[in-house]
Amino acid sequence: MNRQNWLFAGLLLFALICWQWLRPTPPSSGPDQDYQPDFTAKELSSLQYNSLGLPYRGMNAAHAEYYGGLAMTLLEKPVILLYSPDGRPQWQLSGEEGIINTDDNAILRKSVLGQSLQSDALIDSITTEYLEMDFVHNQLRSNQAVILRGPGYHTQGQGLLGKLDQQTVELLNGTQATYNP
């Protein structure tokens, strides 16, 4: 290699180093990105209707923040109302914190209380620290300690699987029950 080729290779290497050193860095899209809500609401209230014009789901919250890029809404003191197919209120579920992912599930956390709104229900209340509702499959799930209360009984266990359309609830592990006839 002659001197001219070495000089050209050196200039090319120097230009590449300068280009890497001085190029602008793109904004980080990693986990430390600061997301800002698309909108916030206080005293939020909504009611959704089915194709027959009957209510099927309602929600209230003291404070809500919607994040469109994440397709989720963060809630403070949420209350979710679930209705039967004929439009009668079935359950009221509340917690200190909640997340609703666009149209497919909701998560309630901290002091979660589910109360039956039907007089002839077998379960009066569900108490836990975590409850997930899958609206697509009409299921309730929890992996935390759960307490069920009903007319004449009190049951507790670890984990829960419930099917809203079949009106069934199953405690998964370590179930203990007390019956009062």
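Residues numbered from 1 in each chain as written. Predicted model: local features only at pLDDT ≥ 70, side-chain atom pairs only at ≥ 80, totals over all residues. Heavy atoms only, no water.

Visitor: How do you make sense of the packing of aromatic side chains when you look at a structure like this?
Guide: By convention here, two paired aromatic rings are described through the distance between centres and the angle between planes. On inspection of all chains with the given rule, the structure shows two aromatic pairs. Here Y153 and Y179 contribute two aromatic rings whose centre-to-centre distance is 6.3 Å and whose plane-to-plane angle is 40°, an arrangement assigned as tilted. Within this pair, whereas Y153 is found in strand 10 (residues 153-163), its partner Y179 is found in strand 11 (residues 168-179), the two being separated by 26 residues in sequence. Looking at Y153, the relative accessible area reads 18%, which means it is buried. Over the ring of F135 we find R57; its NZ or CZ atom is 3.9 Å from the centre of that ring. (Phe/Tyr/Trp six-rings, centres within 6.5 Å; stacked < 30°, edge-to-face > 60°. Helix = DSSP H or I, 4+ residues; strand = E, 2+ residues; numbered from the N terminus. Buried < 20%, exposed > 50% of the residue type's maximum accessible area, 1.4 Å probe, protein only. Lys NZ or Arg CZ within 6 Å of the ring centre and 35° of its normal.)

Visitor: Quick question: what am I supposed to make of the side chain of Q90 here?
Guide: Mapped onto the elements, Q90 comes out in strand 5 (residues 89-94). Apart from the residues within four sequence positions on either side, Q90 is in contact with L82, Y83, S84, Q115, S116, L117, Q118 and Q167. (Contact = heavy atoms within 4.5 Å.)

Visitor: Teacher, can you tell me more about the pattern of salt bridges here?
Guide: A side chain with one charge can pair with a side chain of the opposite charge if their charged atoms come near. Going through the model one piece at a time under the given rule, you end up with five salt bridges. The residue D86 makes a salt bridge to R88 at a minimum N-O spacing of 3.1 Å. Taking relative accessible area as the criterion, D86 reaches 45% and is therefore assigned partly exposed. Residue R88 is classed as partly exposed on the basis of its relative accessible area, which comes to 47%. Because the salt bridges share partners, they merge into one network encompassing E132, D134 and R141. (Salt bridge = Lys/Arg side-chain N within 4 Å of Asp/Glu carboxyl O.)

Visitor: Help me understand the environment of Q166, please; the structure alone is not making it clear to me.
Guide: Residue position: Q166 is located in the loop between strand 10 and strand 11. Separated by 123 residues in the primary sequence, Q166 and E43 have C-alpha atoms spaced 32 Å apart.

Visitor: When you look at unusual backbone geometry in this model, what are you seeing that I'm missing?
Guide: Phi is mostly negative for residues that are not glycine, and the peptide bonds are mostly trans. Its identity as a non-glycine residue notwithstanding, E43 has a phi of 50°, on the positive side. Tracing the sequence through the fold places E43 in strand 1 (residues 39-49). We note that S111 has phi near 55°; this positive angle belongs to a residue other than glycine. With respect to the element layout, S111 can be found in strand 7 (residues 105-116). Overall, the relative accessible area of 45% leaves S111 in the partly exposed class.

Visitor: Explain the pairing of strand 6 (residues 97-101) here, please?
Guide: Relative to strand 6, strand 3 (residues 72-76) runs antiparallel, the two being bridged by five bridges. The residue bridging E76 from the neighbouring strand is E97, located in strand 6. Where strand 6 and strand 7 come together, five bridges link them in antiparallel fashion. Across the sheet, residue N101 finds its bridge partner in strand 7, namely N105. (Pairing = 2+ DSSP bridges.)

Visitor: I keep staring at the side chain of S84 and nothing clicks. Help me out?
Guide: Within the fold, S84 resides in the loop between strand 4 (79-83) and strand 5. Given a relative accessible area of 5%, S84 falls into the buried group.

Visitor: I keep staring at the nonpolar core and nothing clicks. Help me out?
Guide: General note: in soluble globular proteins, nonpolar side chains tend to be found buried as a group. Of all hydrophobic cores here, the largest spans 24 residues; its most connected members are I80, L82, I126, M133, L140, L148 and L160. Put simply, the parts of the chain that give this core at least two residues each are strand 2 (55-67), strand 4, strand 5, strand 7, strand 8 (125-134), strand 9 (139-150) and strand 10. When neighbours within four sequence positions are excluded, I126 is seen to be in contact with W91, V112, L113, G114, L140, V146, I147, L148 and L160. (Core = buried A, V, L, I, M, F, W, Y, C linked by side-chain atoms within 4.5 Å.)

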